[in-house]
Amino acid sequence: MSQTQSSSAPATAVPTRTFDARAFAAASASSPLAAATIRRRAPLARDVKLEVLYCGICHSDLHQARDEWKSVMPTVYPCVPGHEIVGRVVEVGRDVKKFEVGDLAAVGCLVDSCRNCGACHEGTEQFCQGPATFTYNAPDKHLGGVTYGGYSESVVVDEDFALTVSDELDLAGTAPLVCAGITTYSPLRHWNVGKGQKVGIVGLGGLGHMGVKFAKAFGARVVVLTTSAKKSQDAVRLGADEVIVSTNADAMTKAAGSFDFILDTVSASHDLNAYLSLLKRDGTLTIVGAPDAPQPVSVFNLLFGRRRLAGSIIGGIRETQEMLDFCAEHGITADVEVIPIQKVNEAYARLLKGDVKYRFVIDMASLKAPR
Ligand SMILES: NC(=O)c1ccc[n+]([C@@H]2O[C@H](COP(=O)([O-])OP(=O)(O)OC[C@H]3O[C@@H](n4cnc5c(N)ncnc54)[C@H](OP(=O)(O)O)[C@@H]3O)[C@@H](O)[C@H]2O)c1
Ligand SMILES: [Zn+2]
Ligand SMILES: [Zn+2]
């Protein structure tokens, strides 16, 4: 590892020592991900450095690498995605209290926040007014440029944003919990999903399959709404009580007005009205999927039945730890297909076809293979 002085740190900042790390990066919206070398800060007093063991592939990685969120979060290249990180602590700063070298740790979508606003005080850092520092493609406060994610041999993060992970759970299956897991756990908890409720999960991909597992664990009657009839058996195996193929108009009409809560995880433009009309009076459709284009809503679908349309984004650090502890207690992990990093572009292509069971996770040891 080379130790260099940062050249792009702000003039007022204390120069930060850095080291080089191997990574996979997109050089532009249209380039495939390829091997690259990035610079990371050497751990500061409150930082931990992780050797990344596994990193999940979230559909957000694909949106960001291909600049599909241009209107909200344009991508700065090179872009190193990855925010479902599980690793081993290999170095700690002198003031670190939560971790020791050799511990397991996870890093999700957040690596810092302002620590000062109302959201930070209440532990909902995802809503930080600062704003929060996301794990990749966010301004890097230490080195300038943008943050780089977990498709890399290492990450360095303030210990407050590193999560404790159970060594009883499969590590590859644990990585997706810190994005796909918390993104579904948080809204299901917020809207008090549980016993006596009929809950719909729209889209059976990375987020959707975790939504099924959590909604089931919370005691709800779970219905998967999928465009892929071939996923029906898996949906039941994952915990669904019922499966509706959403392209079947009769089945959708029959289910109208019957749901208390629906979680929509779909990654592409789709008809929200079809799902709003499935809600009972005062029911809520919460969107976590993130297509860039505006999605038209017929207001009558809200007026009749006083229905609500809401959104939710990941979860705060405290709730993410709560979710990880819940998973450890209940033996919940993601269903994963582990791949070497050299197959990441193939995995992106399959993700776009809905061909994933149900999360790709990169075994980061593959990064050390000869290029
Ligand atoms: N809000 C947040 O905090 C947050 C966090 C993470 C990810 N996200 C976003 O959530 C979305 C899902 O992420 P993911 O990683 O779960 O993706 P994923 O694994 O690709 O799953 C998405 C699923 O949506 C369904 N789908 C895809 N295209 C569709 C279409 N055109 N019409 C209807 N259904 C379609 C498919 O399920 P079926 O085959 O079952 O229909 C697909 O498996 C992405 O947009 C991602 O950026 C948001
Ligand atoms: Zn994600
Ligand atoms: Zn804040």
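Preceding block: the structure.
Note that the structure is predicted; figures quoted are calculated from it, not measured. (Residues numbered from 1 in each chain as written. Chains lettered and ligands numbered in written order. Predicted model: local features only at pLDDT ≥ 70, side-chain atom pairs only at ≥ 80, totals over all residues.)

Around ligand 1, the structure places 30 residues, and the nearest of them are His59, Gly203, Gly205, Leu207 and Thr226. Of all the elements in the fold, those that place two or more residues in the shell around ligand 1 are α1 (59-65), α4 (180-190) and α5 (206-217). Of the residues in the shell around ligand 1, the class split is 13 nonpolar, 16 polar and one charged. Taken domain by domain, the makeup of the shell around ligand 1 includes at least three residues from each of domain 1 (4-179 + 335-368) and domain 2 (180-311). (Near = placed C-beta within 6 Å. Helix = DSSP H or I, 4+ residues; strand = E, 2+ residues; numbered from the N terminus. Nonpolar A, V, L, I, M, F, W, Y, C, P; charged D, E, K, R; others polar. Domains from an automatic or database assignment.)

What follows deals with helix α11 (residues 344-352). Of all the residues in α11, the buried ones are Val344, Ala347, Tyr348 and Leu351. The arc that holds the buried residues of α11, viewed along the axis, is 105°, so those residues lie on one side. Facing away from the buried side of α11 by over 90 degrees, the exposed positions are Glu346 and Ala349. At its buried positions, α11 is contacted by β2 (17-25), β4 (47-57), α1, β17 (336-340) and β18 (359-363). Trailing α11 by a residue or two, Gly354 shows a phi angle of about 70°, which is positive. (Buried ≥ 20, exposed ≤ 12 C-beta atoms within 10 Å, placed from the backbone. Arc of directions from axis to C-beta. Contact = placed C-beta atoms within 7 Å.)

Next up on the list: the sheet that holds strand β13 (residues 242-245). Strands sit in the order β13-β12-β11-β14-β15-β16 across an open sheet of six strands; the sheet is parallel. The open sheet has two edge strands with one neighbour each: β13 and β16 (308-311). The average undirected angle you get between the axes of adjacent strands in this sheet is 20°. Relative to strand β14 (residues 259-264), strand β11 (residues 198-202) runs parallel, the two being bridged by four bridges. Paired with Gly200 across the bridge in β14 is Ile262. Running over the sheet, α5 touches β11, β12 (221-226) and β14 and is turned about 165° from β11. (Pairing = 2+ DSSP bridges. Axes fitted to C-alpha atoms, helices over the stretch in contact; angles between N-to-C directions.)

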